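Geometric and topological summary
Here is what each chain is made of, one letter per residue.
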Amino acid sequence: MLFLRKSGEVVLASGSHGRRLASLGRRMSKAPLRYLTVVPTSARHFTTNLSLSTPHAVNNSSNYNDSGHGIDLKRALQAADRRRSKFTDRSQLKYSRRIVVKLGSAVITREDEHGLALGRLASIVEQVAELQQEGRECIMVTSGAVAFGKQKLTQELLMSLSMRETLSTTDTTRQDVKTFLEPRAAAAVGQSGLMSLYDAMFAQYGVKIAQVLVTKPDFYNEETRKNLFTTLSELLSLNILPIINTNDAVTPPPAPEAPSGKKVIALKDNDSLAAMLAAEIQSDLLILMSDVDGIYTLPPWQEGSKMIWTYTSDMHDVVQFGKKSKVGTGGMDSKVQAATWALDRGVSVVICNGMQDKAIRSIMSGRKIGTFFTEAINTVTTPTEVLAENARHGSRVLQALPAEARAEAIYKLADLLVSKQSDILDANGKDINEAKKANTSGPLLDRLKLSPSKLKNLAVGLKQIAESSHKNVGRVIRKTKLAEGLELTQITVPIGVLLVIFESRPDCLPQVAALALSSANGLLLKGGKEAAHSNRALMDVVKEAICSVGADNAISLISTREEIADLLSMEKHIDLIIPRGSSELVRSIQEKSQHIPVLGHAEGICHVYVDNEADFAKAIKIVRDAKCDYPAACNAMETLLIHEDLLKSQFFIDVCNALKNEGVTVYSGPALSQKLTFGPPPVKSLKTEYGSLECAIEVVKDLQEAVDHIHTYGSGHTDVIVTENREKAALFQRAVDSACVFHNSSSRFADGYRFGLGAEVGISTARIHARGPVGVEGLLTTKWVLNGDGHVASEFAEGGPCQFVHQSLPID
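What this report covers is the structure whose coordinates are included nearby. Computed from a predicted structure; not experimentally measured.

Let's shift gears to the packing of helix α17 (residues 452-468) against helix α18 (residues 508-519). Look at α17 against α18: their axes get within 10 Å of each other, and the N-to-C directions meet at 10 degrees. Between α17 and α18, the angle is such that the two are roughly parallel. For the pair formed by α17 and α18, the contact residues are Leu458, Leu462 and Ile465 on the first element and Pro510, Gln511, Ala514, Leu515 and Ser518 on the second. Residues of the contact of α17 with α18, tallied by class, amount to 6 nonpolar, 2 polar and no charged.

Laid out in structure tokens, this is it:
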């Protein structure tokens, strides 16, 4: 009988005798069981492989009996022999329990082919050790013995050659050393050293290892093959990491094709060896680490070569393989053959670049690293790179269209939002229900929710964008006569391909789409999963609108499960990233994007300063609106600054009561706390964006101290002064270095629609390109157009026949 203890241990009991099988409970609570494999190692000893993945779960009633003999072996072994379901998506790889990692020679060998790349190898060892410590079962297939041995033999030969040069006049140079090194001898010398190195490295993490040396004939002899896998099963059950390498000191020349059989592959190199092992021990994942990023349609160095991120067995004809590595025995063709062979036997495979930092960890987290082998053809979506290329082509299509056509597409989108509102609201209702089940907070629910009035307002804003589309792209900014017959013009053009990442706000999808249409930019949209249904419904109407003008692929919704980090590395395809969401999202993207510019604000810490010459009725009205109209918005007030003269006035009592009546939790700043005996609780930080019905109140001596406070604690988003003194207002607006600075008006006006931009793609606190609410203008750049008549620069040299006049011309 099989028991599962709370500790996660599986115990096999037969009558009054029991035996612990394996510790299987670590990190298993987050995923369902897929299958139980029982591998016999002796008459009374079994090891198990519980793999974490998608269904089907073990059925206790069919796989086990309670007749006193424990597991029903016949049924269990039949179930284990069936073809197993493979992972169909990278995000499922994190559920892999049994993992085989193959290290190619190029990965762990130095460029000079003598010795190992110790830094790279140490990183790989650390990652494998972490997997082992998480409760996974790892096996390593490694090359490197020859390289390690060559390093030692080279030193010996150099010493020997030096002695010969001393004793003989024969011209024997050190460059001949390599020709003296016999690979089998190098392997014999290097095997013990390689394992000692692995032992020392893994010992740093408390991981025990065992060396398993094999030769190809070991797999073709039934007895040795059985002994090999019995040994591996025993080692795994003891939580020992097997490290397998071929015994290159005695390995014979490549054997003819292996005997035909279900579980036998022609063993020509370590790739096929790893595939054989992974299939035989029923591994969940095989990682083949090479010196290239993955599988390409052509050799990677050839022009036109493209990376294949997802590979299926029917794609072999579309790949042309290049020459194999100079330090290994297997080329990319052998890796693909090994991978497809293992895949056909239920093992998921990733071929990746072992020189990439943290490659194994990235694969396990679902990152788009290397080529993922799968048979789930129907689940493979269009690669993001293809969507980005389509978006760039779509941008050029839009740019070539007359402005009237782009405006017409936006008008159509606005009308569709209203005419198809029932479909959109039905989809949004599904998101709302799922969010409520997940106990999503009130402010986030407000952002997520759509309504007929919201859709109507969206349509109105989109029509404003459409009306302005006639004067966006191709607008002349400057015209200059450089010389007679030589005129230079600067005109507006789209940036190219935009990536907009947004959370919880499905209404921003049509807004951004309309702005992209108006500015003729290609657009990729990456929405949060909490609005998945809404985003798909809104994307349907966007597609219908852009198809009407022949720009079908100009805008796409990225629906794959790629990590944000993968998108941020696509600098060849994406020209500008615009994050819309929480300050954590924006800051994270700004930090991780190294090569693609990011347009966004890290935080929205907005201030309202009430001067001692303010109209108090206006001030209370503005403060209430700035904080309470939509507290989750980035333009909501987070800190109220009050002139110290007002502290003992009725205004201070009234404004506190007004906030209290709206349900606002108030915190006192350090200066205010010192002046009040029984005041609000002290604020934890004046650099806080609450995003809810909370705010801080601080007292300042005068306008200059208010400005200094804003510069110290603000985020450069939106700041307000309430005063009837226009000189003070003007000084405040000059001195405060924020994207938006208002006088006697709520901070909530910092919005693209309210600014008359129709909508905004986001609010920028950056100091270049665009600041504040970013509409169409922020999505345009310029190019220079020069018209001449046979002009050449050399004619303008000193003493030449031509001279510059640099005359500004009127803009039509």
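A positive phi angle, near 65 degrees, is found at Asn239, a position not held by glycine. Relative to the assigned elements, Asn239 resides in the loop between α9 (222-237) and β9 (241-246). For Asn239, a relative accessible area of 36% gives the class partly exposed. Backbone geometry at His806 places phi at a positive 45 degrees, although glycine is not the residue there. With respect to the helices, strands and loops of the structure, His806 is situated in the loop between β30 (780-787) and β31 (807-808). A residue is classified by how much of its surface remains accessible, and His806, at 53% relative accessible area, is exposed.

What follows is about the packing of aromatic side chains. Within the structure shown, the criterion is met by 7 aromatic pairs. Considering the side-chain rings of Tyr609 and Phe732, the 6.4 Å spacing of their centres and the 20 degrees angle between planes classify their relative orientation as stacked. Of the two residues, Tyr609 sits in strand β22 (residues 606-610) while Phe732 sits in helix α26 (residues 726-735), which places them 123 residues apart along the sequence. Assessed through its relative accessible area of 0%, Tyr609 is described here as buried.

For the rest of this paragraph, the subject is α18. Between its first and last C-alpha atoms α18 spans 16 Å; for 12 residues at 1.5 Å apiece the expected length is 16 Å, and the two agree. Counting buried positions over the 12 residues of α18 gives 12, a clear majority of the element. Those residues of α18 that fall on the buried side of the exposure criterion are Cys508, Leu509, Pro510, Gln511, Val512, Ala513, Ala514, Leu515, Ala516, Leu517, Ser518 and Ser519. Backbone geometry just downstream of α18 places Ala520 in the positive-phi region, at approximately 60 degrees.

Following both chains from N to C, one finds α18 and helix α19 (residues 532-547) inclined at 25 degrees, their axes separated by 10 Å at the closest point. Comparing their axes, α19 and α18 come out roughly parallel. Considering only the axes of α18 and α19, their crossing is right-handed. Each of Leu509, Pro510, Ala513 and Leu517 in α18 lies in contact with α19, whose residues at this interface are Asn535, Leu538, Met539, Val542 and Ile546.

On to the pairing of strand β10 (residues 285-290), then. Where burial is concerned, most of β10 is hidden: 6 out of the 6 residues are buried. A two-sided burial pattern is seen for β10, the buried positions comprising Leu285, Ile287 and Met289 on one face and Leu286, Leu288 and Ser290 on the other. Here 5 bridges tie strand β6 (residues 98-103) to β10, and the two strands are oriented parallel to one another. Considered in β10, the bridge of Lys102 is made with Leu288. Across 6 bridges, β10 lies against strand β14 (residues 348-353) in parallel orientation. Within β14, the residue paired with Ser290 across the bridge is Asn353.

Judged by nonpolar contacts, the single largest core of 54 residues is most densely connected at Leu523, Leu525 and Ile555. Listing elements by their share of this core, those giving two or more residues are α14 (403-419), α17, β18 (497-502), α18, β19 (522-527), α19, β20 (555-557) and β21 (576-580). Among residues more than four places away in sequence, those in contact with Leu523 are Ala391, Leu498, Val500, Val512, Ala513, Ala516, Ala554, Ile555 and Ser556.

The 4 strands lie next to each other as β20-β19-β18-β21, forming an open sheet whose pairing is parallel. Since the sheet does not close on itself, it has two edges, and those belong to β20 and β21, each with one partner. Sheet twist, expressed as the mean angle between neighbouring strand axes with direction ignored, is 15 degrees. Two strands pair when backbone bridges link them, and β19 and β20 are joined in this way by 3 bridges, in the parallel orientation. Paired with Leu524 across the bridge in β20 is Ser556. Of the strands in this sheet, β18, β19 and β20 touch helix α13 (residues 384-400), which is tilted by about 140 degrees from β19. On top of the sheet, α19 reaches β18, β19 and β20; it is set at about 160 degrees to β20, its chief contact.

Another aspect to go through is the pattern of salt bridges. Evaluated as defined, the whole model comprises 24 salt bridges. Arg136 is paired through a salt bridge with Glu134; the nearest N and O atoms lie 2.9 Å apart. The burial state of Arg136 is the same as that of Glu134; both residues are buried. A salt bridge links Arg624 to Glu662, with the shortest nitrogen-to-oxygen separation between them at 3.4 Å. In this pair, Arg624 is assigned in helix α22 (residues 616-628) and Glu662 in the loop between α23 (650-661) and β24 (665-668), connecting sequence segments 38 residues apart. The exposure class of Arg624 is partly exposed, given its relative accessible area of 34%.

Pairing in this open sheet of 8 strands is mixed, and the strands run β8-β9-β7-β6-β10-β14-β15-β13 from one edge to the other. Each of the sheet's edge strands pairs with one partner strand only, and the pair in question is β8 (209-214) and β13 (310-311). Bridge analysis of β6 against strand β7 (residues 137-142) gives 6 bridges, and the strand direction is parallel. The residue of β7 that forms the bridge with Lys102 is Val141. Taken strand by strand, helix α4 (residues 118-133) contacts β6, β7, β9 and β10, and its axis lies near 155 degrees from that of β7. Here α9 sits on the sheet in contact with β6, β7, β8 and β9, set at roughly 170 degrees to β8.

Along the chain, Ser747 turns up in the loop between β27 (740-743) and β28 (762-764). Here Asn635 takes part through its backbone oxygen, which lies 2.7 Å from a polar atom of the side chain of Ser747. Other than its neighbours up to four places away in sequence, Ser747 contacts Ala626, Asn635, Ala636, Met637, Thr718, Val720 and Phe742.

The rules we used
Counting starts from 1 at the beginning of each chain's written sequence and moves along it residue by residue. For a predicted model such as this one, the threshold for reporting local features is a pLDDT of at least 70, and the threshold for listing and counting side-chain atom pairs is 80 or more; totals across whole chains, interfaces and linings nevertheless cover every residue. For side-chain calculations, the full set of non-hydrogen atoms in the structure is used, while hydrogens and water are omitted. Axis definition: a line fitted to C-alpha atoms, over the contacting stretch in the case of helices. Angles run 0 to 180 degrees between N-to-C directions. The helix count covers DSSP runs of H or I at least four residues long, the strand count covers runs of E at least two residues long, and both are numbered beginning at the N terminus. We call two directions roughly parallel when the angle between them is under 35 degrees, roughly antiparallel when it is over 145, roughly perpendicular when it lies between 65 and 115, and oblique otherwise. We call two residues in contact when some of their heavy atoms are within 4.5 Å. Here the nonpolar group is Ala, Val, Leu, Ile, Met, Phe, Trp, Tyr, Cys and Pro; Asp, Glu, Lys and Arg are the charged ones; every other residue, Gly included, is treated as polar. Only protein chains enter the accessibility calculation, which uses a 1.4 Å probe; a residue is then buried when its area is under 20% of its type maximum, exposed when over 50%, and partly exposed in between. Within 6.5 Å between ring centres, the rings of Phe, Tyr and Trp (the latter by its six-membered ring) count as paired, and their orientation is classed by plane angle as stacked under 30 degrees, edge-to-face over 60, tilted in between. What a helix should span is 1.5 Å times the count of its residues minus one. Crossing handedness is read from the near helix: turned anticlockwise from the far helix by less than a right angle, it gives a left-handed crossing, and turned clockwise, a right-handed one. For two strands to be treated as a pair, DSSP must find at least two bridges joining them. Note on terminology: a nonpolar core comprises buried Ala, Val, Leu, Ile, Met, Phe, Trp, Tyr and Cys residues joined through side-chain atoms within 4.5 Å. Definition used for salt bridges: Asp or Glu carboxyl oxygen within 4 Å of a side-chain nitrogen of Lys or Arg. Polar contacts, as counted here, are pairs of nitrogen or oxygen atoms within 3.5 Å of one another; within protein the pair requires one atom able to donate a hydrogen and one able to accept it, and residues that are adjacent in sequence qualify only if both atoms are side-chain atoms.

Nothing here speaks to function; it is all geometry.
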